[in-house]
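Given next are the chains, with one letter for each unit.
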Amino acid sequence: MNHTPQTVIEVPQYFDEVDIDHLMYMIADMLGRLIDHNDRIPLTPANLTRFHSRAPPAITVSDYLRRIVRYTSIEKACLLILLIYIDRVCERHKTFTITSLTVHRFIIAAVTASSKALCDSYCTNSHYARVGGISIQELNTLELEFMFLIDWQLICSGETLQQYYANLVKQSTRYRRAVPASECDNYESAMPMGGTDTNNNTK
C-alpha cells in the first residue's frame, strides 16, 4: 500500500506573523501528546483539583480551541502563553497534571486570565463561560483558582513567547519555521519542549 507523504507547511519565523489556525493546530497537537502521557498516571484523591471533570468532555481539545478562537477573537500571544502557564503551574504544583479530565477547564480559565493581562480589549466572563460550556459561577471559581496556582504571574517577555513558538514548531511533524540558515540554532538550547516530561511540562 502506498502512503502519500505528509506535506510540511512552512510557517513564519515569528509567532506574531503565523496564521492563528496553524498555531492552534500545533498547540492542540502538543497538548494531545501531553495528555496521552499524563492519562497513564493513576488518579488519586490527593491529585484532584477544581479543574477535574467526572469524565472527559465530548469535545476534542482541537475543537475546543477552535471554538475559543472563533468566538472570542483571542490574540496569538494569549493562545501561545497557555504552554507557558502550564509549565509555571506545574513547576509550582508538582502533583498537578494536564489530562483529559483537566485540560478543558484549564484552557478556558487560562484564556480568560491571559486576555485580561495581555489585551487592551477582551470579552466578559459570561461570554467566556458560554464559549467554554460552563456556568459563569464555575468560570469565576476556576479563574480565581488558576490565579492562585500560577501565583498571579501572567506576564512573560516577547522573547520567551518566541522561544516557545520556535520549539513548538520544531516538535511538530507537520510544520517547519521559515528561518534564515544563520539563525537556525538560535533557540536550540532555550526551551527543549517535548510534552513527555514527567507529569506535565511542555518543555
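Residues numbered from 1 in each chain as written. Predicted model: local features only at pLDDT ≥ 70, side-chain atom pairs only at ≥ 80, totals over all residues. Heavy atoms only, no water.

1. Examining the overall build of the chain
Definition in use: The way it works is that DSSP assigns letters per residue, a run of H or I at least four long becomes a helix, a run of E at least two long becomes a strand, and they are numbered from the N terminus. Only protein chains enter the accessibility calculation, which uses a 1.4 Å probe. A residue is then buried if its area is under 20% of the maximum for its type, exposed if over 50%, and partly exposed in between. Contacts are residue-level and defined by heavy atoms, with any inter-residue pair within 4.5 Å sufficient. Surface exposure here means Shrake-Rupley accessible area, sampled with a 1.4 Å probe, where a residue is shielded only by the protein chains that are shown.
For the chain, the helix and strand inventory stands at 7 helices and 2 strands. Sequence-ordered secondary structure for the chain, helices as α and strands as β, is β-α-α-α-α-α-α-α-β. Per-residue burial over the chain gives 48% buried out of 203 residues. Across the chain, contacts joining residues at least 24 apart in sequence account for 81% of those joining residues at least 6 apart. Counting every atom, the chain has about 10,400 Å² of accessible surface; 50% of that belongs to carbon and sulfur.

2. A look at the packing of helix H1 (residues 20-38) against helix H7 (residues 158-171)
The condition that has to hold: Axis definition: a line fitted to C-alpha atoms, limited for helices to the stretch in contact. Angles are taken between N-to-C directions and run from 0 to 180 degrees. Each angle gets one of four labels, with under 35 degrees taken as roughly parallel, over 145 as roughly antiparallel, 65 to 115 as roughly perpendicular, and the rest as oblique.
Where H1 meets H7, the axes come as close as 10 Å, and the angle between the chain directions of the two elements is 70 degrees. Accordingly, the angle class assigned to the pair H1 and H7 is roughly perpendicular. Across the interface between the two elements, Leu23, Met26, Ile27, Met30 and Arg33 from H1 touch Tyr165, Leu168, Val169 and Gln171 from H7.

3. Some words on the packing of aromatic side chains
Just so we agree on the cut-off: Working definition: a ring pair exists when centres of Phe, Tyr or Trp rings (six-membered ring for Trp) sit within 6.5 Å. Plane angles under 30 degrees give stacked, over 60 give edge-to-face, the rest tilted.
Going through the model one piece at a time under the given rule, you end up with 7 aromatic pairs. Judged by centre distance (5.9 Å) and plane angle (50 degrees), the ring pair of Phe51 and Phe106 falls under tilted. With Phe51 in the loop between H1 and helix H2 (61-72) and Phe106 in helix H4 (residues 103-118), this pair connects stretches of sequence that are 55 residues apart. No difference in accessibility class separates Phe51 from Phe106, as the two residues are buried. Both rings, one in Phe106 and one in Phe146, keep their centres 5.4 Å apart while their planes meet at 85 degrees; by these two values the pair is edge-to-face. A residue pair is termed long-range when its members are at least 10 positions apart, and Phe106 in helix H4 and Phe146 in helix H6 (residues 136-149) qualify at 40 residues. Accessibility classification places Phe106 together with Phe146 in one group, the buried group. Ring pairs connect the aromatic residues Phe51, Tyr85, Phe96, Phe106 and Phe146, which therefore count as one cluster.

4. Re the confidence of the model for the chain
The condition that has to hold: Each residue carries a pLDDT value, the predictor's own confidence for that position, ranging from 0 to 100.
Across the chain, the average pLDDT comes to 87, with 86% of residues at 70 or higher. In this model residues 187-199 is a low-confidence stretch, pLDDT under 50, and it forms 45 contacts with partners more than four residues away in sequence or in other chains.

5. So, the nonpolar core
The condition that has to hold: As used in this record, nonpolar core signifies buried Ala, Val, Leu, Ile, Met, Phe, Trp, Tyr and Cys residues forming a set joined through side-chain atoms within 4.5 Å.
Grouped together as the largest cluster of nonpolar side chains are 62 residues, with contacts concentrated most on Leu79, Phe106, Ile107 and Phe146. Broken down by secondary-structure element, the contributors of at least two residues to this core are H1, H2, helix H3 (76-92), H4, helix H5 (125-132), H6 and H7. Per-element accounting of this core gives the leading share, 12 residues, to H3. Discounting chain neighbours no more than four positions away, the residues touching Ile107 are Leu31, Val61, Tyr64, Leu65, Ile68 and Leu82.

6. Considering the environment of Glu75
Along the chain, Glu75 falls in the loop between H2 and H3. Once the C-alpha coordinates of Glu75 and Val111 are considered, the two residues, 36 residues apart in sequence, prove to be 9.8 Å apart.

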